[in-house]
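Each chain is listed here by its residues.
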Amino acid sequence: MSVDIIVVLCFLLLIYLLLVGQYISSIFLSVGLIGIFMLGGMQQLNGFLQSDSFAQVASFSLTTIPLYILMAELIMGTKIVEDLYGLAFRISKGRKGPLGVITIVIGGLLGSVSGSSSATSASMAKITLPELRKRGFSDTFSGAIVAVAGSLSSIIPPSVMIIIYGVAARISIGELFIGSLVPGILMIIVFSIILLLYLKFTGEGKVHEVDIPEDNTPTSRYIIAIFMGALMAISIFGGIFAGIFTPTEAGAVGAFLAFIMALIMKKVNFEYIKTALSETTKITVMTIFIIIGASLFGRFISLSLIPRKIINLLEPLQSTPYLIIIILLIFYFILFMFIDNIAVLLMTVPIVMPITETLDVDPLWFGVMVLVSCTIGLITPPVGTNVFIVGSTTGISIEGIFKITFVFSIITTIVVVGLLIIFPELITWLPSIMSK
């Protein structure tokens, strides 16, 4: 059987398994095993199974994942999200703009350490949607805000997505963290401006009389949450930028500070620690299984020579590398609409990286651009996965949510992607001056 037929059959199997809803780790493992066996035989398959699986998960870079996830779980256990909504409502005196903006910011912060936009959107739908409804937002607009906020999980450091991309593409995780800071902040600002303009020019912005429970939260709790949050951000990003911490050490410092915050807030007990550790273990193990499956899938891609064939196919366009880059970003944009973000990265990096190396494209700039495409693709119709997750979790009309998120995706694509292409220094400048 020819190599081309084997590749086609394996990709048809991949699509079928995706459609029937199999776990992405099982899909990568199955397709990788079958593909390697059909191309190289049992001897080659045994060699990869004995060496690759362990080598991939024994990477020191992956130790950052459980630390940042633990930090997120410790923070979530303190219930400060509800407190932040109460604080925002008191400051805004019932105006919807600040509440919508803080939802977007919270979504970016929570998503950055969860690693999965799907998990972030589902969690935020349960936590923040009731808060938005209580304060007079319509169901469809509340759902749209949650979907948009959850999509930021890909680009806001210290994102698990960034870590996984760095490991898969063999790029410095510290440089990716610092390089994605400006684009991440830019996306939050653009999303917030779109939200405020939407509130201003539609009836959604009217302040309604709503029955808000009396806020008895002590001011000291707000002060602790804000101070410790700022301290964590400064410690992580400042430490990495100044060369004081590696990304792994920064994750450990962040988790330690989150635990100190929980102690000060008197939230630490057996159940709190048990929940944080068990959730961290579940998410970490899931990620490790995906990486093991993706490593075998990547070996199958290498054996099939797909990257070399694509490079040969694109040879007539190599005189215009930016055209190829735009084609690749559109390709990613479409994939992120249909498939979970971690799966897309691990599935495509073995194919795409040899192409970008041939074009002599800065891998740091391209990696951040891929993560921006991920953020936008997750909220774009017809199959923006975040919108479907929010709709299915809450029962809100998916069509209604899409009408709003489509506005966000179009404007963000024009503004953010345009700026990052015209001014690549927005990504590359900070990593170029950071201490190594």
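For the structure given in this document, a descriptive report is provided here.

Rules and cut-offs
- Residues numbered from 1 in each chain as written.
- Predicted model: local features only at pLDDT ≥ 70, side-chain atom pairs only at ≥ 80, totals over all residues.
- Heavy atoms only, no water.
- Helix = DSSP H or I, 4+ residues; strand = E, 2+ residues; numbered from the N terminus.
- Rg over C-alpha atoms; globule rule 2.2 N^0.38 Å.
- Contact = heavy atoms within 4.5 Å.
- Areas by Shrake-Rupley, 256 points an atom, 1.4 Å probe, with all protein chains shown as cover.
- Lys, Arg positive; Asp, Glu negative; His and termini not counted.
- Charge placed at Lys NZ, Arg CZ, Asp CG, Glu CD.
- Salt bridge = Lys/Arg side-chain N within 4 Å of Asp/Glu carboxyl O.
- Buried < 20%, exposed > 50% of the residue type's maximum accessible area, 1.4 Å probe, protein only.
- Core = buried A, V, L, I, M, F, W, Y, C linked by side-chain atoms within 4.5 Å.
- Axes fitted to C-alpha atoms, helices over the stretch in contact; angles between N-to-C directions.
- Parallel < 35°, antiparallel > 145°, perpendicular 65-115°, else oblique.
- Left-handed = near helix turned anticlockwise from the far one by under 90°.
- Nonpolar A, V, L, I, M, F, W, Y, C, P; charged D, E, K, R; others polar.
- Phe/Tyr/Trp six-rings, centres within 6.5 Å; stacked < 30°, edge-to-face > 60°.
- Polar contact = N/O pair within 3.5 Å; in protein donor to acceptor, adjacent residues only side chain to side chain.
- Expected span 1.5 Å × (residues − 1).
- Bend = angle between axes of the 7 residues up to and from the residue.

Moving on, we come to the overall build of the protein chain. What the protein chain contains, in helices and strands, is 20 helices and 0 strands. Here the C-alpha atoms of the protein chain give a radius of gyration of 22 Å, agreeing with the 22 Å that 2.2 N^0.38 yields for 436 residues. On the principal axes, the C-alpha backbone points of the protein chain span a range of 70 × 45 × 45 Å. Look at the contacts in the protein chain between residues 6 or more apart in sequence, and 79% of them connect residues 24 or more apart. Approximately 19,000 Å² of the protein chain is accessible, and the part contributed by carbon and sulfur atoms is 69%. Between the averaged position of the 22 positive side-chain charges in the protein chain and that of its 23 negative side-chain charges there is a distance of 7 Å.

To continue, consider the pattern of salt bridges. Per the stated rule, a full pass over the model turns up 2 salt bridges. Across the pair K309 and D4 runs a salt bridge, and its minimum N-O distance is 2.9 Å. Remark: D4 occurs in helix α1 (residues 3–19) and K309 occurs in helix α14 (residues 306–313); sequence separation between them is 305 residues. Accessibility expressed as a relative area gives 49% for D4, which makes it partly exposed. Between K282 and E279 there is a salt bridge, with its nearest N and O atoms 3.4 Å apart. Here the residue K282 and the residue E279 both occupy positions in helix α13 (residues 270–304), the gap between them amounting to 3 residues, near one helical turn.

What follows concerns the nonpolar core. Core analysis: the biggest nonpolar cluster contains 130 residues, and F28, Y165, F366 and V372 have the highest contact counts within it. When near neighbours in sequence (up to four residues on either side) are disregarded, Y165 contacts R170, I171, L176, L345, V349, M353, P363, F366 and G367.

Turning our attention to unusual backbone geometry. For R170, which is not glycine, the phi dihedral falls at a positive 60°. One non-glycine residue, K266, lies in the positive phi region at around 60°. Residue K266 is classed as exposed on the basis of its relative accessible area of 77%.

To continue, consider the packing of helix α15 (residues 321–338) against helix α17 (residues 363–377). One can describe the packing of α15 onto α17 by two numbers: an axis separation of 8 Å at closest approach and a directional angle of 40°. Judged on the interaxial angle alone, α17 and α15 are oblique. Here α15 runs over α17; the crossing is right-handed. Here Y322, I325, L328, L329, Y332, F333, F336 and M337 of α15 lie close against α17, whose contacting residues are W365, F366, M369, V370, S373, C374, I376 and G377. Class assignment for the residues of the contact of α15 with α17 results in 14 nonpolar, 2 polar and no charged.

In this section: the packing of aromatic side chains. For any pair of aromatic rings, the description consists of the separation of the ring centres together with the inter-plane angle of the planes. Counted under the stated rule, the structure contains 11 aromatic pairs. Seen from their ring centres, F28 and F297 are 5.4 Å apart, and the 35° between their planes marks the pair as tilted. Linking F28 in helix α2 (residues 24–57) with F297 in helix α13, this pair joins segments that are 269 residues apart in sequence. For the pair formed by F28 and F297, the shared burial category is buried.

On to the side chain of T375, then. Examined against the element boundaries, T375 turns out to sit in helix α17. Among the polar contacts made by the side chain of T375, one reaches the main-chain carbonyl oxygen of L371 at a distance of 3.1 Å. Once residues within four sequence positions are removed from consideration, T375 is found in contact with S151, L152, S154, I155, M187 and F191.

For the rest of this paragraph, the subject is helix α16 (residues 341–358). Helix length check: α16 (18 residues) gives 25 Å between terminal C-alpha atoms against 26 Å at 1.5 Å per residue, within 8%. Largest kink in α16: about 55°, centred on V349, with the proline P350 one to four residues after it. Counted residue by residue, α16 has 14 buried out of 18 residues, so it is predominantly covered. Once α16 finishes, D360 follows within two positions and takes phi at roughly 60°, a positive value.

Another aspect to go through is the environment of S392. Along the chain, S392 turns up in helix α18 (residues 385–394). Distance in space between the C-alpha atoms of S392 and V361 is 40 Å, their sequence separation being 31 residues.

For helix α8 (residues 160–169), the tally of buried residues reaches 9 of 10 residues, placing the bulk of the element in the interior. If you check which residues of α8 are buried, you get V160, M161, I162, I163, I164, Y165, G166, V167 and A169. Immediately beyond the C-terminal end of α8, within one or two residues, lies R170, with a positive phi of roughly 60°.

What follows is about the packing of α1 against α13. α13 packs onto α1 with a crossing angle of 155° between their chain directions and a minimal axis gap of 11 Å. As summarised for this structure, α1 and α13 are arranged roughly antiparallel, according to the angle between their axes. Of the two elements, α1 crosses α13, and the hand of that crossing is left-handed. Two secondary-structure elements touch here, α1 through V3, I6, V7, C10, F11 and L14 and α13 through F297, F300, I301 and S304. Here the contact of α1 with α13 is composed, by residue class, of 9 nonpolar, 1 polar and no charged.

All right, on to the side chain of S409 then. Tracing the sequence through the fold places S409 in helix α19 (residues 398–422). The buried category is assigned to S409, whose relative accessible area is 2%. Within polar-contact distance, the side chain of S409 engages the backbone oxygen of F406 at 2.9 Å. With sequence-adjacent residues up to four places away left out, S409 is seen in contact with I376, I379 and T380.

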